[in-house]
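Listed here are the chains, written in short residue letters.
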Amino acid sequence: MNWKRKDLLGLQNLSAEEIKLILDTAVPMKEILGRAIKKVPALRGRTVVTLFYEPSTRTRTSFELAAKYLSADSVNISTATSSVVKGETLKDTARTLAAMGADVVILRHPMAGAPNLLARTIRAAVINAGDGAHEHPTQALLDMFTVREKKGELAGLNVAIIGDVLHSRVARSNIWGFTKMGARVRICGPATMIPPEIEATGVQVCTRIEEALDGADVVMMLRIQLERQQQGLFPSIREYARLFGLNRERLALARPGALVMHPGPMNRGVEISPEVADGINSVINEQVTNGVAVRMALLYLLGGGGIPDA
């Protein structure tokens, strides 16, 4: 199968075949990361722009490294020091970047749907690096890549996603991705943090963490956004940790060899205990490494991998 889309805006509208193509393409990309010289000329002459309206460490850095390893020219736009602070609109910023010759624009934005608007505005390929509480497709892809690498396949696995599902773009993309690939997904968290009618996506809603963990092959903990505490969505941080935190005793309810995942950054001692975060079941650091490989694969597929025409 060949990649035919101009953009990667989310996983909701991708097919299982398209997801598999991305994951398969990431395999040789990870091999490149193991070399002494991490450099191939696949995107030489292409220009990749990262445009982030929200703070980011892992996603932004991994995209920038991915572009460099593929020999693309990368430009980092910090909105705090750009014309955005003077009132420039997203459309005008995008048109400016396109006029400068950008081939791929990677956008993180606090408003859901912003990457879709950008994709309709410019001819360059657009990659959604997180839009509001909507989707974070590249995080879900690296999560699926990590699980497939460890478990061999995704179909038939039991995946438990625990925490603030309501506000989590990571959870939404993982729900779409894992269910399309044949996994069974359970979600769990405080009732105030479970989206209404989420069962329509094919997930099972659990009210107790023990129920979600029972027989799980993959346990994905979500970051508690501490600012939500100010909204009274749960009684206290201590209470949340007691009811929904992952510790060694609770992890024992999952299947032997269950993978423990977290998109980061972690609140140690809140959603996950230090001994679990650093334990033998944890693949959190491998998620970071695999994030570079998956984003290399996406840049290759969307950036027209190969030497550009003269």
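Rules behind the numbers
Residues numbered from 1 in each chain as written. Predicted model: local features only at pLDDT ≥ 70, side-chain atom pairs only at ≥ 80, totals over all residues. Heavy atoms only, no water. UniProt positions renumbered as here; feature names shortened; annotations may be inferred. Helix = DSSP H or I, 4+ residues; strand = E, 2+ residues; numbered from the N terminus. Expected span 1.5 Å × (residues − 1). Buried < 20%, exposed > 50% of the residue type's maximum accessible area, 1.4 Å probe, protein only. Contact = heavy atoms within 4.5 Å. Pairing = 2+ DSSP bridges. Right-handed = clockwise from strand over helix to strand, strands pointing away. Polar contact = N/O pair within 3.5 Å; in protein donor to acceptor, adjacent residues only side chain to side chain.

Naming follows an unreviewed UniProt entry, where the protein appears as Aspartate carbamoyltransferase of Desulfofundulus salinus. A UniProt comment under Function (unreviewed entry) is attached to the protein, and it reads "Catalyzes the condensation of carbamoyl phosphate and aspartate to form carbamoyl aspartate and inorganic phosphate, the committed step in the de novo pyrimidine nucleotide biosynthesis pathway." The UniProt entry for the protein carries the following comment under Catalytic activity (unreviewed entry): "carbamoyl phosphate + L-aspartate = N-carbamoyl-L-aspartate + phosphate + H(+)".

Participant: Please clarify how helix α5 (residues 137-151) should be interpreted in this entry.
Facilitator: Since the α-helix turns once every 3.6 residues, residues separated by three or four places project in the same direction. Taking 1.5 Å of rise per residue, 15 residues should cover 21 Å, and α5 covers 21 Å from first to last C-alpha, within 8% of that figure. Among the residues of α5, those classed as buried are P137, T138, Q139, A140, L141, L142, D143, M144, F145, T146, V147 and R148. Of the residues trailing α5, G152 is marked for its positive phi of about 90°.

Participant: In this structure, what is going on with the environment of A258? I would like to understand it.
Facilitator: With respect to the secondary-structure elements, A258 resides in the loop between α9 (248-251) and β9 (259-261). The buried category is assigned to A258, whose relative accessible area is 1%. Between the C-alpha atom of A258 and that of A216, which follows or precedes it by 42 residues, the distance is 6.7 Å. Ignoring any residue separated from it by four or fewer positions in sequence, one finds A258 in contact with K151, A216, D217 and N281.

Participant: Can you help me understand the pairing of strand β5 (residues 158-162) in this one?
Facilitator: Residues in a regular strand project their side chains so that they alternate between the two faces of the sheet. With five of five residues buried, β5 is to be regarded as a mostly interior element. Burial along β5 is two-sided: N158, A160 and I162 facing one way and V159 and I161 facing the other are all buried. Sheet topology places β5 next to strand β6 (residues 184-188); five bridges connect them, and they run parallel. Considered in β6, the bridge of V159 is made with V185. Crossover β5 to β6 through helix α6 (residues 169-180) is right-handed. Two strands pair when backbone bridges link them, and β5 and strand β8 (residues 218-221) are joined in this way by four bridges, in the parallel orientation. When the sheet's bridge partners are listed, V159 is paired in β8 with V218.

Participant: What is the right way to read the UniProt feature "binding site: L-aspartate" (unreviewed entry) in the protein from this model?
Facilitator: Residues annotated in UniProt with the feature "binding site: L-aspartate" (unreviewed entry) correspond here to K86, R169 and R223. Here R169 lies in helix α6. In this structure R169 comes out as buried when scored by relative accessible area, which is 15%. Within the structure, R169 has its side chain in polar contact with the backbone oxygen of G132 (distance 3.0 Å).

Participant: Even after reading the chapter, I still don't get α6, so can you show me in this structure?
Facilitator: With 12 residues, α6 should reach 16 Å at 1.5 Å per residue; the first-to-last C-alpha distance of 17 Å fits that figure. When we look at burial in α6, the residues that qualify are R169, V170, A171, S173, N174, I175, G177 and F178. By the N-cap criterion, in which a side-chain oxygen at the helix start approaches the backbone nitrogen of a residue two or three places on, α6 is capped by S168, the distance to V170 being 3.4 Å. Following α6 by one or two positions, G182 has its phi on the positive side, about 95°.

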